[in-house]
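Analysis of the macromolecular model
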Amino acid sequence: MRWPSGDLGVYILQSTVHVTAATGAASLKVGEVVLRYLHRQNTSEYQLQLVLRRKCCNLLVLRTYYEHRLSLEMVEEISSKSVKTAKIVPKFKQTGETNIMKTVEDKPLIWWLIFILILIATVTTRFYKVTEPDHVCWDETHFGKMGSWYINRTFFFDVHPPLGKMLIGLSGYLTGYNGSFPFEKPGDKYEDTKYIGMRVMNAVKHLLARTLCLIVLPVIVYVLFFYIHLVVLNKSGNGDGFYSSGFQSQLEGNSLHNATMPRHLAYGAIITLKNHRTGGGYLHSHWHLYPEGMGARQQQITTYSHKDDNNRWLVKKFDTNVLPPDNVLVKHGDLIRLEHIVTRRNLHSHKEVAPISKKHYQVTGYGENGTGDANDVWKVLIVNGKEDDIVETVTSKLKFVHYLHHCALTSSGKTLPKWAYSQQEVSCNPNMRDKNSMWNIEDNIFAKLPNVSFQVYAPGFLERFLESHAVMLQGNSDLKPKEGEVTSRPWQWPINYRTHATEKKGQFFSGSKNRIYLLGNPIIWWGNIVFLIFFSLAYLFASVQEQRGYLQDPDILYRRRRTLEAGMWMFTGWLLHYVPFWAMGRILYFHHYFPALLFSCMLTGITLNYILETIPTFVPGMIGHTIYHSTVGLVLSGTVYSFLFFFSFYLFSPLAYGMDGPSASHPESPLYPLRWMDSWEF
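Thresholds, definitions, all that
- Residues numbered from 1 in each chain as written.
- Predicted model: local features only at pLDDT ≥ 70, side-chain atom pairs only at ≥ 80, totals over all residues.
- Heavy atoms only, no water.
- Phe/Tyr/Trp six-rings, centres within 6.5 Å; stacked < 30°, edge-to-face > 60°.
- Helix = DSSP H or I, 4+ residues; strand = E, 2+ residues; numbered from the N terminus.
- Buried < 20%, exposed > 50% of the residue type's maximum accessible area, 1.4 Å probe, protein only.
- Pairing = 2+ DSSP bridges.
- Salt bridge = Lys/Arg side-chain N within 4 Å of Asp/Glu carboxyl O.
- Disulfide = S-S within 2.5 Å.
- Axes fitted to C-alpha atoms, helices over the stretch in contact; angles between N-to-C directions.
- Parallel < 35°, antiparallel > 145°, perpendicular 65-115°, else oblique.
- Left-handed = near helix turned anticlockwise from the far one by under 90°.
- Contact = heavy atoms within 4.5 Å.
- Nonpolar A, V, L, I, M, F, W, Y, C, P; charged D, E, K, R; others polar.
- Polar contact = N/O pair within 3.5 Å; in protein donor to acceptor, adjacent residues only side chain to side chain.
- Core = buried A, V, L, I, M, F, W, Y, C linked by side-chain atoms within 4.5 Å.

Our next topic: the packing of aromatic side chains. Per the stated rule, a full pass over the model turns up 29 aromatic pairs. Taking the centre distance of 6.4 Å and the plane angle of 85° together, the rings of Y222 and F465 count as edge-to-face. Here the residue Y222 occupies a position in helix 9 (residues 216-232), and F465 occupies one in helix 11 (residues 461-477), the gap between them amounting to 243 residues. Taking the relative accessible area as the measure of exposure, Y222 reaches 32% and is therefore partly exposed. On the basis of relative accessibility, which here comes to 12%, the residue F465 falls in the buried class.

Rendered as structure tokens:
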């Protein structure tokens, strides 16, 4: 008997739905009966699970199953008086076939066993030889040092959020490390230093991070740890200069902490000028001259992010070196000269081209013992100021406009070469609207004026939180490759490519003995590329098919949409974590690809599942069912575990756990067969 058409067929389905919704235990029984009958009729396991999830609620899909796949000997009794008594009783003999409900119930146990095995393998491989090598490796020079600063409560600047570094410091503190090891360079022996706790924390950290999968909780934790970061690091350190004057006033040992100084600026005061851009440095000079070909060979003027005496300037009237005997305050529109305290040369500009910003004029230190020429004169302007406004410490945003050439003193933010010790360029910009041409007075030393407490400038937590992020973003953008510095390009990462010139030294994470080398597992890396390309083509092909109405089977449509939608999320995640690096000018390393790699790996799994589910649709009935399970068994037993784990991971594991002896380029090296590409210099 075929499924009744028209209203009667819909009514039978509705009756089943109402029975399912209205009764507790009965709903399971109805579901079991339907599923068992579907199973007897060679319906695929996926379709059975689909019906179980929907609990017979999708009328169109269920009707299609019965219409096209079943020949029901059915419906002994349908009571039109009460939907609760409606029953579907298929007439077939009980056989030894597996009950599909039992199969569904048993599956979670199988997946839990697989999960536990993977977890054990993960923990084992991650902690194996975690104590080796017993010397500083690669970024341990940075993050070990930062852990020491947390233990010593010394403020520092870094371009990344603090949680990971705080955990390193905490793990070191809890395992007996006292924060005294210098972490100067890779290869330095730890000797008696208790470093193992910090290594173990790094191994555990990313496993814990993956469990935080909500949105609100990560935000709360993120802000909370920033709060702890700012509370713990309350002492002055080498990172102070990257932050605003108000921010620095909260740090013990900083010259601005609990400081008192004149509120107003007077002639004869010794000051420091801080560029107002995020992460801006101090106006700075030193005895060194600009080299040949970089404008006039006069004294270099730069910005410098750290505090020292070379940041100090004397404020003088424009037409005399004699300081006024009375307290004469500097006002909006005044003409002044700034004399460098250490070298006694004046801040100067002329129509020579700046070293990097070719549309700007060069700024130099000029003169002898405070005596120069007319090119030393600058007009002081308070942003949004008016006539007779007095220049104030910290709060006044200032512009220094060259009196003769009408250009503004600017910190371009561009890093100068080694001849300027990689400090930042200072120039005179004819475009006086440049936001990088604003400065503020930080230190103001003048004994003749009364002092006020610097606490009035102190920001709250939210202001410090936002400023920290602005400084981090600015610091990241300023990480440009220096001359001869190791870097890589994004196109090299997915294909595991290394260039001899830039990557040869950069992939070694430790010294010459027990070497650690960063290289992606080539089978996984290259396999991900293949599956990514396949997914793109499959998604395009499926979209065209569906748009043209080629495929009508609702089961196949639902399955395809669900799988491809999941894959598209992973593909989008891969793009978002990979493509932005193409537009970055900062220095890049191979490990920047790792977040994108996670999405690529998940996309590979989804694509493989899509392939396995698509194969049975090309062949009918039990044959497709058999092919599906045979293929799954082949993939699980052969490809994933045997090939990937035992072959790829085992062969390349010495790169992660440490290598001794000659390099892989030597024919007698045991690693010589693994050098599949000439650029792999391990």
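The structure having been displayed, the exposition proceeds.
The next subject is the pairing of strand 4 (residues 299-304). Of all six residues making up strand 4, five are buried, and the element is well covered by its neighbours. When strand 3 (residues 282-289) meets strand 4, the two strands line up antiparallel, connected through five bridges. Along strand 4, the bridge assignment pairs H284 with T302. Of the pairings in the sheet, the one linking strand 4 to strand 8 (residues 361-366) comprises two bridges and is antiparallel in character. Opposite Q299, over in strand 8, you have G365 as the bridge partner.

Two side chains with opposite charge may pair up if their charged atoms get near one another. Going through the model one piece at a time under the given rule, you end up with eight salt bridges. Of the charged contacts, one joins D389 and K386 as a salt bridge, the two residues approaching to 3.7 Å between their closest N and O atoms. Within this structure, K316, E339 and R344 form a network of salt bridges that share partners.

Quick look at the state of the cysteines now. Across all of its chains, the model carries one disulfide by this definition. Here C407 is linked by a disulfide to C428, with a sulfur-sulfur distance of 2.0 Å. In this structure, the disulfide formed by C407 and C428 twists by about 95° around the S-S bond and is classed as right-handed. Remark: C428 occurs in strand 12 (residues 424-429) and C407 occurs in the loop between strand 10 (398-402) and strand 11 (408-415); sequence separation between them is 21 residues. One exposure class covers both C407 and C428, and it is buried.

A separate point is the packing of helix 13 (residues 522-547) against helix 15 (residues 594-614). Helix 15 packs onto helix 13 with a crossing angle of 55° between their chain directions and a minimal axis gap of 8 Å. In terms of their interaxial angle, helix 13 and helix 15 are classed as oblique. As for the relative orientation of helix 13 and helix 15, their crossing is left-handed in sense. Within the contact between the two elements, helix 13 uses I524, W525, G527, N528, F531, L532, F534, F535, A538 and A542 and helix 15 uses F594, L597, S600, C601, L603, T604, T607, L608, Y610 and I611. A class-by-class count of the residues in the contact of helix 13 with helix 15 yields 15 nonpolar, five polar and no charged.

Let's shift gears to the packing of helix 13 against helix 14 (residues 554-578). Running from amino to carboxyl end, helix 13 crosses helix 14 at an angle of 135°, the nearest separation of the two axes being 11 Å. Classified by the angle between their axes, helix 13 and helix 14 sit oblique to one another. As for how helix 13 packs across helix 14, the hand of that crossing is left-handed. Counted together, L532, F535, S536, Y539, A542, Q545 and E546 of helix 13 and L557, R560, R561, L564, G567, M568, F571 and W574 of helix 14 form the full contact between these two elements. Classifying every residue of the contact of helix 13 with helix 14 gives nine nonpolar, three polar and three charged.

So, about the environment of N152. Positionally, N152 belongs in helix 6 (residues 140-152). Note: C-alpha distance between N152 and N178 (26 residues apart in sequence) is 8.4 Å. Excluding anything up to four places from it in sequence, N152 contacts N178, G179 and K235. Within the local environment of N152, its side chain forms a polar contact with the backbone oxygen of G179, the two atoms lying 3.1 Å apart.

Let's shift gears to the pairing of strand 6 (residues 335-340). The element strand 6 is extensively covered by neighbouring structure, given that six of its six residues are classed as buried. By the bridge criterion, five bridges tie strand 5 (residues 312-317) to strand 6 in an arrangement that is antiparallel. Counterpart to K316 in the pairing with strand 6 is R337. Pairing analysis gives two bridges linking strand 6 to strand 9 (residues 378-382), with the strands arranged antiparallel. Bridge pairing in strand 9 places I336 opposite W378.

Counting residues in each nonpolar core, the largest one holds 31 residues, and the members touching the most others are I271, L283, L338, L347, F400 and L409. At the level of secondary structure, the elements contributing two or more residues to this core comprise strand 2 (270-275), strand 5, strand 6, strand 8, strand 9, strand 10, strand 12 and strand 13 (439-445). By residue number, the principal contributor to this core is strand 9, which donates three residues. Those residues in contact with L347 that lie beyond four places of it in its chain are L283, I301, W313, L338, V363, T364, N375, D376, W378 and L409.

With that settled, the discussion passes to the side chain of Q299. With respect to the helices, strands and loops of the structure, Q299 is situated in strand 4. Once residues within four sequence positions are removed from consideration, Q299 is found in contact with S285, H286, W287, H288, L289, Y290, H340, T343, R345, T364 and G365.

The backbone phi angle of F183 is positive, close to 50°, even though this residue is not glycine. Looking at where F183 falls in the secondary structure, it is placed in the loop between helix 7 (163-174) and helix 8 (196-209). What makes F183 buried here is its relative accessible area of 1%. For N384, which is not glycine, the phi torsion reads 65° and is therefore positive. Among the secondary structure elements, N384 is positioned in the loop between strand 9 and strand 10.

Let's shift gears to the environment of F156. One can find F156 in the loop between helix 6 and helix 7. On the basis of relative accessible area, F156 is assigned to the buried category, the value being 2%. As for F156 and D240, which are separated by 84 residues in sequence, their C-alpha atoms are 6.8 Å apart. In this view, F156 contacts M146, W149, Y150, K165, L233, N238 and G239; residues no more than four positions away in its chain are not counted.

Positionally, N436 belongs in the loop between strand 12 and strand 13. Owing to a relative accessible area of 14%, N436 belongs among the buried residues under this scheme. Filtering out sequence-adjacent residues up to four positions away, N436 remains in contact with N275, R277, T410, S411 and S412.

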